Amino acid sequence: MWSDHPYKETDIPVHFHHLKGPCPEFCTCCFNGSEDQFIIDCRSKVLEIFPTLPNNIIGDSSLLLDDNDIETLSTISLRNSTLGELHLKNNSLTHLHLDQLPSNLKVFDIRQNNLTGLDDDVTQFVSNLKEIQLSENPWQCSCKFTKFLAHLRRSYRLEYQAALRRCSGQEYCPDLCTCCREDDSNRFLINCNSLGLMEIPTKLPMTENTILLFENNNLQTLDRSTKVKGYDQLKELHLRLLVSLEEKDLCPEKIPFYVIYFTTFIILSCLLSILQCFWKSIPMWLYEKRLFLKLTTRLEKGTETKYDCFLAYCHKDSHFVREYVERLEHGRNRLRLCFYERDWLAGEPIPDCICHSVENSKCTVILMTKNFLKSVWGRLEFRLALHATSKDQHKRLIVIIYPGVENFNNLDGELQSYMKLNTYLMRNDVNFWSKLVYALPHKMEDGMDLINIAP
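As the structure is a computational prediction, the values presented were derived from the model and not from experiment.

As for the environment of Phe372
Following the sequence through the fold, Phe372 ends up in helix 12 (residues 370–374). Residue classification places Phe372 among the buried residues on the basis of a relative accessible area of 0%. Remark: the alpha-carbon pair of Phe372 and Asp317, spanning 55 residues in sequence, is separated by 8.2 Å. Those residues in contact with Phe372 that sit more than four places away from it in its chain are Ala312, Tyr313, Cys314, Asp317, Ile366, Leu367, Gly378, Arg379, Glu381 and Phe382.

What follows is the structure in structure tokens.
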């Protein structure tokens with residue numbers, strides 16, 4: 001080997017009859033008389049470009065290019081040269097082409113490069129060499145290098161296992177089968193096609209997207225007692241030209257489980273979809289019907305007040321109040337309402353009555369009609385309720401929009417901003433009463449322990 005010493009004692013200076021043309025730049029040329037071998041030594045010269053070789057070298061010749069930084073070989077310099085040995089250990093080669101290799105090559109050293117695979121024609125060429133060294137390259141098990149992988153498997157077992165490990169995490173492939181990964185689909189193929197096999201290999205290298213190709217073999221049936229490691233993890237199984245194969249053989253003892261899993265998945269998906277669509281409506285409906293109150297009743301916080309709800313409305317809309325009294329005070333909820341026609345004392349200043357009603361109620365309900373928007377006292381009630389909720393986070397403000405209200409231009413800037421940034425109820429909503437009852441303070445029934453839920 002030439003890796004230890006550049007010359008031997010029998011090396012003699014180069015005579016012109018041995019070499020036509022100059023010795024490559026930065027290299028040393030000599031002739032080994034005892035072995036009749038011409039040597040071009042370019043080792044450790046930090047070369048990035050392949051040197052230009054002299055023409056018609058007489059006798060056997062060797063080119064030493066170890067420990068450089070060459071990324072590609074020269075087609076012109078090498079293919080027609082008479083080189084018998086080419087040493088390229090510890091360079092930066094990433095690919096080899098057949099037309100870059102000398103036709104008389106017998107010894108080839110490409111260890112410690114950046115090669116990931118060899119083309120089929122290059123593989124055929126190097127397999128016929130007297131000596132080839134190719135270890136310590138990052139070989140990959142790409143399916144475009146299947147012929148090279150087969151060569152590694154026959155002659156370089158450790159390198160083959162390292163290539164498998166890089167692309168699958170496994171170090172083995174079933175005997176006679178070919179294992180490789182497709183570059184475009186990233187599928188890992190275990191190709192056992194057309195091998196005359198009687199049964200599936202008992203151990204399969206499993207990784208992500210593993211596909212077993214088992215076509216054109218002599219498989220008759222997949223016996224229930226067959227234990228194939230990794231068989232249940234296959235993403236695809238390709239079987240063709242089978243004599244007799246039943247459904248139970250493909251998935252022995254697992255079809256009922258798959259049916260159960262699939263059915264359960266469909267049912268759960270439907271339930272989740274229903275819950276997502278009606279997530280807010282279901283608690284409202286249950287609370288209105290007084291069902292599952294421990295789950296649907298909201299725990300009210302803050303200090304106890306005289307009234308549960310203060311109805312703020314224009315005196316021209318007093319006919320609307322009756323339905324709220326019937327539904328809320330006389331219904332199942334039994335809320336304590338406050339409205340001026342009944343609960344305000346005669347002779348008291350209206351602003352004081354409004355302040356007293358807002359402060360002594362857990363929430364204020366605004367019946368926003370066209371008349372309310374035009375009412376000075378209505379806007380005052382709205383503003384005082386808004387300020388009360390900003391001071392006490394436990395107080396709530398609920399606005400009900402009646403038909404005919406198209407915009408809020410008559411409101412002050414502060415009240416307009418509130419309407420733009422907060423939600424409100426529409427009186428003509430088909431679920432209006434369910435939404436209103438659920439938004440109002442919740443009443444605890446005697447003997448009922450509540451579960452605290454978010455408002």
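More follows now that the structure is in view.
So, the sheet that holds strand 14 (residues 361–368)
Ordered in space as 13-12-14-15-16, the 5 strands form an open sheet in which the pairing is parallel. Each end of this open sheet is capped by a strand with a single partner; those strands are strand 13 (337–338) and strand 16 (425–426). Strand direction decides the pairing type here: strand 14 and strand 15 (residues 396–401), joined by 6 bridges, are parallel. Along strand 15, the bridge assignment pairs Val365 with Ile398. Taken strand by strand, helix 15 (residues 432–439) contacts strand 15 and strand 16, and its axis lies near 165° from that of strand 15.

Here we look at the packing of aromatic side chains
Centre distance and the angle of the planes are the two values used to describe a pair of aromatic rings. Under the counting rule described, the total for this entry stands at 9 aromatic pairs. Centroid distance Tyr340 to Trp344: 5.5 Å. Interplanar angle 50°. Geometry classified as tilted. On the basis of relative accessible area, Tyr340 is assigned to the partly exposed category, the value being 26%. Owing to a relative accessible area of 19%, Trp344 belongs among the buried residues under this scheme. An aromatic cluster of three or more residues is present, and its members are Phe310, Tyr313, Tyr340 and Trp344. Across the ring face of Tyr172, the terminal group of Lys203 is positioned such that the distance to the ring centre comes to 4.4 Å.

Regarding the nonpolar core
Of all hydrophobic cores here, the largest spans 59 residues; its most connected members are Ile40, Leu63, Leu96 and Phe108. For this core, the leading source of residues is helix 4 (residues 157–168), giving 4 residues. Ile40 has contacts with Pro24, Cys27, Thr28, Cys29, Leu53, Pro54, Ile57, Ser62, Leu63 and Leu64, leaving out every residue within four places of it along the chain. Membership of the second largest hydrophobic core comes to 25 residues, among which are Cys338, Trp344, Leu373 and Leu411.

Remarks on unusual backbone geometry
Negative phi is the rule for most residues except glycine; trans is the rule for most peptide bonds. Even without glycine at this site, Ser44 takes up a positive phi of about 55°. Positive phi is not limited to glycine here, since Val46 has a value of about 55°. The residue Val46 is located in the loop between strand 3 (37–41) and strand 4 (60–64) in this model. With relative accessibility at 67%, the residue Val46 sits in the exposed group.

Side note on the packing of helix 3 (residues 146–155) against helix 4
When two helices pack together, their arrangement is captured by the angle between the axes and the distance separating the axes. One can describe the packing of helix 3 onto helix 4 by two numbers: an axis separation of 6 Å at closest approach and a directional angle of 130°. Taken together, the axes of helix 3 and helix 4 are oblique relative to one another. Across from Leu149, Leu152, Arg153 and Ser155 in helix 3, the residues of helix 4 making contact are Arg157, Glu159, Tyr160 and Ala163. In terms of residue class, the contact of helix 3 with helix 4 is built from 4 nonpolar, 1 polar and 3 charged.

A closer look at the state of the cysteines
Counted according to the given criterion, the structure contains 6 disulfides. One disulfide in the model links Cys141 with Cys167; its S-S distance is 1.5 Å. Residues Cys141 and Cys167 are joined through a disulfide that is right-handed, its torsion about the S-S bond being 95°. Here the residue Cys141 occupies a position in the loop between strand 7 (131–133) and helix 3, and Cys167 occupies one in helix 4, the gap between them amounting to 26 residues. Neither residue differs from the other here; Cys141 and Cys167 are each classed as buried. In this model, Cys177 is linked to Cys192 through a disulfide, with the two sulfur atoms separated by 2.0 Å. As the torsion about the S-S bond is roughly 115°, the Cys177-Cys192 disulfide counts as right-handed. With Cys177 in the loop between helix 4 and strand 8 (178–181) and Cys192 in the loop between strand 9 (188–191) and strand 10 (210–213), the pair connects residues that are 15 residues apart, well separated along the chain. We note that Cys177, like Cys192, is buried.

Quick look at the pattern of salt bridges
Counted under the stated rule, the structure contains 10 salt bridges. A salt bridge links Glu182 to Arg187; the shortest N-O distance between them is 3.0 Å. Its salt-bridge partner being Arg427, residue Glu323 comes within 3.0 Å of it at the nearest N-O pair. In this pair, Glu323 sits in helix 9 (residues 321–329) while Arg427 sits in the loop between strand 16 and helix 15, placing the two residues 104 residues apart along the sequence. You can call Glu323 partly exposed: its relative accessible area is 25%. Connected through shared salt-bridge partners, Asp308, Arg336 and Lys362 make up one network.

Thresholds applied
Numbers given for residues are sequential positions, taken from 1 along each chain in its written order. Reporting in this predicted model follows two pLDDT cut-offs: at least 70 for local features of residues, and 80 or more for side-chain atom pairs to be given and counted; totals over whole chains, interfaces and linings ignore these cut-offs and use all residues. To obtain the side-chain values, all non-hydrogen atoms of the structure were used and water was disregarded. A helix here means a DSSP run of H or I that spans at least four residues, while a strand means a run of E at least two residues long, and both kinds are numbered starting from the N terminus. The classification of residues rests on relative accessible area computed with a 1.4 Å probe and restricted to protein chains. Under 20% of the type maximum is buried, over 50% is exposed, and intermediate values are partly exposed. Two residues qualify as a contact provided that any one of their heavy atoms is within 4.5 Å of a heavy atom in the partner residue. Whether two strands pair comes down to DSSP finding at least two bridges between them. Only the stretch in contact is used when a helix axis is fitted, and all axes are lines through C-alpha atoms; the angle between N-to-C directions ranges over 0 to 180 degrees. Note on aromatic pairs: the rings of Phe, Tyr and Trp (six-membered ring only in Trp) are paired at centre separations within 6.5 Å, and the planes decide the class, stacked below 30 degrees, edge-to-face beyond 60, tilted for the rest. Counting as a charge over the ring demands two things of the Lys NZ or Arg CZ atom: a distance within 6 Å of the ring centre and an angle within 35 degrees of the ring normal. The set of buried Ala, Val, Leu, Ile, Met, Phe, Trp, Tyr and Cys residues whose side-chain atoms join them within 4.5 Å is what this entry labels a nonpolar core. For this classification, under 35 degrees means roughly parallel, over 145 means roughly antiparallel, 65 to 115 means roughly perpendicular, and everything else is oblique. Just so you know the grouping, Ala, Val, Leu, Ile, Met, Phe, Trp, Tyr, Cys and Pro go in nonpolar, Asp, Glu, Lys and Arg go in charged, and all remaining residues, Gly too, go in polar. The disulfide criterion used throughout: a pair of cysteine sulfur atoms within 2.5 Å. In the sections that follow, a salt bridge refers to a side-chain nitrogen of Lys or Arg positioned within 4 Å of a carboxyl oxygen of Asp or Glu.

Just distances and angles here, no functional claims.
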